[in-house]
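The chain contents come next:
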Amino acid sequence: MAKTVLVTGGAGFIGSHVADRFLTEGWQVTILDDFSSGREENLPSAAQVVRGDITTPDAAALVRDGKFDALCHLAAQIDVRRSVLDPIYDATRNILGSLNILEAVKSGGHPTRVVFSSTGGALYGDFDPPPSAETLSKDPEAPYGIAKLSVEYYLAYYGRVHGLHTVALRYGNVYGPRQDPHGEAGVVAIFCNRLLDGRAMTVYGDGEQTRDYVYAGDVAAANFAAVTRDVPPAGRLDARAFNIGTGIETSVNTLSNTLQQVSNATTPIEYAPARAGELARSALNTAKARSVLGWTPQVQLAEGLTRTFEYFANRRSGAATR
Ligand SMILES: NC(=O)c1ccc[n+]([C@@H]2O[C@H](COP(=O)([O-])OP(=O)(O)OC[C@H]3O[C@@H](n4cnc5c(N)ncnc54)[C@H](O)[C@@H]3O)[C@@H](O)[C@H]2O)c1
């Protein structure tokens, strides 16, 4: 019998890539999504889809009774700025929603492997030079990162105290086809749309701020590895946490220049005042994911940006089916 996975947030950007990956591996995929930011067109046709909110008793019942072999939990409020404006909304969905799912896994009594989509980009703060290792102290700049860190503490607790098999994947800035402009790497989607509109790409500050851009297909592969590979026993917060990135710092200037090259666009780059609260530098040390999960990123930035730009171009012309 095929193994089963529940992908929460599977109608979203990264979740749809995770669903694709499990389907390719022959798994039976169920998607739970409330379509607050997810889209019908992102859904793989072979997946079963349940429309629902992770904070509800119905969602808990699905998890409890579903006896899934794995659960990739991606459903979340993903807008860092929204978390600053409305931390209660962010915490309700991102902390309480996750807790609802974890309690349901516990009460279901099935050995479901739980993989949580955490953040590397919004967790470590700006106090040490990159690349950040998992054990670095955590100083999230926004309620979004605080919520992710809170859930990671719950994961460690459920692992240690209740024997749940939990893993946290801390992503860098994820980009790729089906990307939403509001996510942590929203800049890639915004720039692609600007290029297609023939409008200037706006860079805030001097453009030398760096991020670790990781391709969505590689993130999906990390989810699959986190479910199928052996991981260390539950222990301290970081015991079953893995950075998922490239380890490469890419500046916004490099990003915009590369996008110009891969799209053959002559659209200018314009500079605007730096935005308050933005990290200066960010990149993740991924040695642990390499050694324990056997995971390495496969897609280089220029290749990934080419695929992403093509996706947005095809979507405009109606050629993209998903
Ligand atoms: N995009 C990034 O760079 C990045 C970086 C680090 C972590 N993450 C995390 O990865 C996950 C996926 O992010 P994404 O960029 O694909 O965002 P996304 O908005 O495209 O996907 C989130 C999905 O969750 C669904 N959803 C939201 N709240 C829900 C709820 N209460 N109940 C059910 N469904 C709900 C949305 O409809 C959407 O389909 C999130 O947990 C996010 O925090 C993303």
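This structure is a prediction, so every number in the text was calculated from the model and none was measured.

It is worth spelling out the overall build of the chain at this point. Helices and strands together make up the secondary structure of the chain, namely ten helices and 13 strands. The C-alpha atoms of the chain give a radius of gyration of 19 Å, which matches the 20 Å a tight globule of 322 residues would have. In terms of overall dimensions, the chain has C-alpha extents of about 55 × 45 × 40 Å along its principal axes. By the burial criterion, 49% of the 322 residues in the chain qualify as buried. Long-range contacts, defined here as pairs at least 24 residues apart, represent 79% of the contacts in the chain between residues at least 6 apart.

This part covers the pairing of strand E8 (residues 201-204). Side chains of E8 alternate between two faces, with Met201 and Val203 buried and Thr202 and Tyr204 left unburied. Relative to strand E13 (residues 269-272), E8 runs parallel, the two being bridged by four bridges. When the bridges of E13 are listed, Tyr204 appears paired with Ala272.

For the rest of this paragraph, the subject is the nonpolar core. Across soluble globular proteins, you tend to see nonpolar side chains buried next to one another. Core analysis: the biggest nonpolar cluster contains 89 residues, and Val5, Val7, Val63, Leu71, Leu169, Val219 and Ala222 have the highest contact counts within it. Ranked by residue count, the leading element in this core is helix H7 (residues 216-228), at nine residues. Shared between two domains, this core takes at least three residues from each, and those domains are domain 1 (4-175 + 213-245) and domain 2 (186-211 + 247-284 + 299-317).

What follows covers the environment of Glu270. Mapped onto the elements, Glu270 comes out in strand E13. Residues in contact with Glu270, not counting those within four places in the same chain, are Ala200 and Thr202.

In this section: the pairing of strand E2 (residues 28-33). Put simply, side chains in a regular strand alternate between the two faces of the sheet. Extensive coverage of E2 is indicated by the burial of five of its six residues. Summarising the sheet, strand E1 (residues 4-8) and E2 pair through five bridges and their orientation is parallel. Paired with Val7 across the strands is Ile31, a residue of E2. In this region the chain leaves E1, passes through helix H1 (residues 13-24) and returns to the parallel neighbour E2; the handedness of that crossover is right-handed. As defined by bridge partners, E2 adjoins strand E3 (residues 48-51) across four bridges and the pair is classed as parallel. In the sheet register, Thr30 faces E3, and the bridge partner there is Gln48.

Here helix H4 (residues 87-108) is 22 residues long and its end C-alpha atoms lie 30 Å apart, about the 32 Å a rise of 1.5 Å per residue gives. Listed as buried for H4 are Asp90, Arg93, Asn94, Gly97, Ser98, Ile101, Leu102, Ala104 and Val105. Turning to H4, the residues buried within the fold contact E1, helix H2 (57-66), strand E4 (70-73), helix H3 (80-85), strand E5 (113-119) and helix H5 (143-162). Downstream of H4 by a residue or two, Gly109 has a phi angle that is positive, lying close to 70°.

Okay, the sheet that holds E2 next. Within the open sheet, the seven strands sit side by side as E3-E2-E1-E4-E5-E6-E11. Their pairing is parallel. Looking at strand neighbours, the two that pair on one side only are E3 and strand E11 (241-244), the edges of this open sheet. Adjacent strand axes in the sheet meet at a mean angle of 20°, parallel and antiparallel pairs treated alike. Across seven bridges, the pairing between E5 and strand E6 (residues 165-171) is parallel. Across the sheet, Ser118 pairs through a bridge with Arg170, a residue of E6. This element, H5, spans E5, E6 and E11 of the sheet and lies at about 155° to E5.

About the criteria used
- Residues numbered from 1 in each chain as written.
- Predicted model: local features only at pLDDT ≥ 70, side-chain atom pairs only at ≥ 80, totals over all residues.
- Helix = DSSP H or I, 4+ residues; strand = E, 2+ residues; numbered from the N terminus.
- Rg over C-alpha atoms; globule rule 2.2 N^0.38 Å.
- Buried ≥ 20, exposed ≤ 12 C-beta atoms within 10 Å, placed from the backbone.
- Contact = placed C-beta atoms within 7 Å.
- Pairing = 2+ DSSP bridges.
- Core = buried A, V, L, I, M, F, W, Y, C linked by C-beta atoms within 7 Å.
- Domains from an automatic or database assignment.
- Right-handed = clockwise from strand over helix to strand, strands pointing away.
- Expected span 1.5 Å × (residues − 1).
- Axes fitted to C-alpha atoms, helices over the stretch in contact; angles between N-to-C directions.

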